[in-house]
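One letter stands for each residue in the lines below.
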Amino acid sequence: MGFFDLFKKKTAAAEAAPTEVEARERQELDAGLERTKTGLFSKLARAVAGRSTVDAEVLDELEEVLVSSDVGVETTVRIIERIERRVAQDKYMNASELQRILREEVASLLEEAHAAEGSFGLDAAEGEPYVVMVVGVNGAGKTTTIGKLAAQLVKAGRKVWIGAADTFRAAAIDQLQVWADRAGATMIRQEMGSDPASVAYDTLQSAKANGADVVLIDTAGRLHNKVGLMNELTKIRNVMSKVIPNAPHEVMLVLDGSTGQNAFEQAKQFTQATQVTSLAITKLDGTAKGGVVIGISDRFRIPVRYIGIGEGIDQLRIFDRRSFINALFGDAQN
């Protein structure tokens, strides 16, 4: 069983009116990315105002627009180089076409970044729970993401166990318990200060014995000591694999999209500390920095599984590249 297999069980309500649900979800995605879209295209409009061709000066302006939209320097350079090749090939290109070209190149980058998805993560063996270890700094929305994900999985008919392995903050354990109760998931916890690996071990033992479908393991979000973080995450992974071979099947890094370039640094730190296999990027509804989704996906070549576009329990969305591009640039014109 792979990650997306977890959502193949649908609720009767979701099956009953797919068109209505899809329309509502599209509206919420459009609204969630409105600040990013407005910021990006107002800058783009100023950059090409009065220009009739895409020349070096326009490309310099576009480069500044993308960097200031938190797409990131490396990804911006890749996009500009691709557009330069197209300009050289087509010889003449109207500035009004720039939005369409930019859309196509961003879509291409996201496609390439997710093409390696098959090499990330592992499938759970038949009859064993799918184990997701969730990592990220404190304040990125890690606990909330686990709670929302648990709720969606329970709604899809799955038995979910949550392990409170962030044992360094009592508030984190209590907050996770609230989410577990709200979602209808089973939570395994110990006292504050307990060994995180011990919590993970107990959670997998309980989940396996009770026929759970999914296990979500929370972890501490301290970054001040990379060596300590690496050792802790490695210990948790090793302990889990003793209960369920190949566990965790997925390591999901939660990033706060509103932090812009800080999210890039967090991604760098955690990918060095452990083998991150997927990303969840939160809080995109309250920021104009949604370009981080493009930049982080491209730079780290790790698939984005989820984006957070609101506080509602159903506003953590499975990331769909086409829907994201449509919300950011508008539907493609035929």
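Quick look at the side chain of Asp166 now. Of note, Asp166 is situated in the loop between strand E2 (160-164) and helix H8 (170-183). The exposure class of Asp166 is buried, given its relative accessible area of 2%. At 3.2 Å, the side chain of Asp166 forms a polar contact with the side chain of Arg169. With residues up to four places along the chain from it excluded, the contact list for Asp166 reads Asn138, Lys142, Ala172, Ile173, Asp218, Thr219, Ala220 and Gly221.

Bringing the environment of Phe168 into the picture now. By secondary structure assignment, the location of Phe168 is in the loop between E2 and H8. Residue classification places Phe168 among the partly exposed residues on the basis of a relative accessible area of 39%. Along the sequence, Phe168 and Gly221 sit 53 residues apart, while their C-alpha atoms lie 9.4 Å from each other.

Each pocket or cavity is described by its volume, and for the second largest pocket that value is around 320 Å³. Ala140, Gly141, Thr144, Thr282 and Lys283 are, among the 19 residues lining the second largest pocket, the residues nearest its centre. Among the elements that line the lining of the second largest pocket, the one with the most residues is helix H7 (residues 142-155), at five residues.

Let's shift gears to a negative patch on the surface. Negative charge collects at one region of the surface, where Asp55, Asp60, Glu63, Glu64, Glu81 and Glu84 lie side by side. In terms of residue count, helix H4 (residues 56-68) provides more of the negative patch than any other element does, three residues in total. In this structure, Glu63 sits in helix H4.

This brings us to a nonpolar patch on the surface. On the surface, a nonpolar cluster with roughly 220 Å² of combined accessible area is contributed by Val67, Val73 and Val77. The topology assignment puts Val77 in helix H5 (residues 73-90). Residue class for Val77 comes out partly exposed when judged on its relative accessible area of 34%.

For strand E7 (residues 304-308), the tally of buried residues reaches five of five residues, placing the bulk of the element in the interior. Summarising the sheet, strand E6 (residues 278-282) and E7 pair through three bridges and their orientation is parallel. Directly across from Leu279, in E7, lies its bridge partner Val304. Running through helix H12 (residues 292-300), the crossover from E6 to the neighbouring parallel element E7 is right-handed. Note: E7 against strand E8 (residues 316-318), three bridges, orientation antiparallel.

Note: strands within a sheet are paired through backbone hydrogen bonds, in either parallel or antiparallel orientation. Across the sheet, which stays open at both edges, the eight strands sit in the order E3-E2-E4-E1-E5-E6-E7-E8 with mixed pairing between neighbours. Of all the strands in the sheet, the pair left with one neighbour each is strand E3 (186-188) and E8. Direction aside, the axes of adjacent strands within the sheet are offset by 25 degrees on average. Most of the contacts of helix H9 (residues 196-209) go to E2, to which it runs at about 165 degrees, and overall it touches strand E1 (130-135), E2, E3 and strand E4 (214-218).

Now for empty space enclosed by the protein. In total, this model carries two cavities of 30 Å³ or more according to the counting rule given. The volume enclosed by the largest cavity comes to roughly 60 Å³. Considering the residues around the largest cavity, the lining is formed by Thr36, Leu40, Leu66, Ser69, Val71, Leu102, Val106, Gly291, Ile294, Leu328 and Phe329. Of the residues contributing to the lining of the largest cavity, the split by class is eight nonpolar, three polar and no charged.

Analysis parameters
- Residues numbered from 1 in each chain as written.
- Predicted model: local features only at pLDDT ≥ 70, side-chain atom pairs only at ≥ 80, totals over all residues.
- Heavy atoms only, no water.
- Helix = DSSP H or I, 4+ residues; strand = E, 2+ residues; numbered from the N terminus.
- Buried < 20%, exposed > 50% of the residue type's maximum accessible area, 1.4 Å probe, protein only.
- Polar contact = N/O pair within 3.5 Å; in protein donor to acceptor, adjacent residues only side chain to side chain.
- Contact = heavy atoms within 4.5 Å.
- 1 Å grid on protein atoms, 1.4 Å probe; cavity = no way out; pocket = protein on both sides within 12 Å on 5 of 7 lines; lining within 4 Å.
- Points joined across faces, edges and corners; volume = space filled by probe spheres on them.
- Patch = residues over 30% accessible without salt bridge, like charges linked within 9 Å, V, L, I, M, F, W, Y side chains within 5 Å.
- Areas by Shrake-Rupley, 256 points an atom, 1.4 Å probe, with all protein chains shown as cover.
- Salt bridge = Lys/Arg side-chain N within 4 Å of Asp/Glu carboxyl O.
- Lys, Arg positive; Asp, Glu negative; His and termini not counted.
- Charge placed at Lys NZ, Arg CZ, Asp CG, Glu CD.
- Pairing = 2+ DSSP bridges.
- Right-handed = clockwise from strand over helix to strand, strands pointing away.
- Axes fitted to C-alpha atoms, helices over the stretch in contact; angles between N-to-C directions.
- Nonpolar A, V, L, I, M, F, W, Y, C, P; charged D, E, K, R; others polar.

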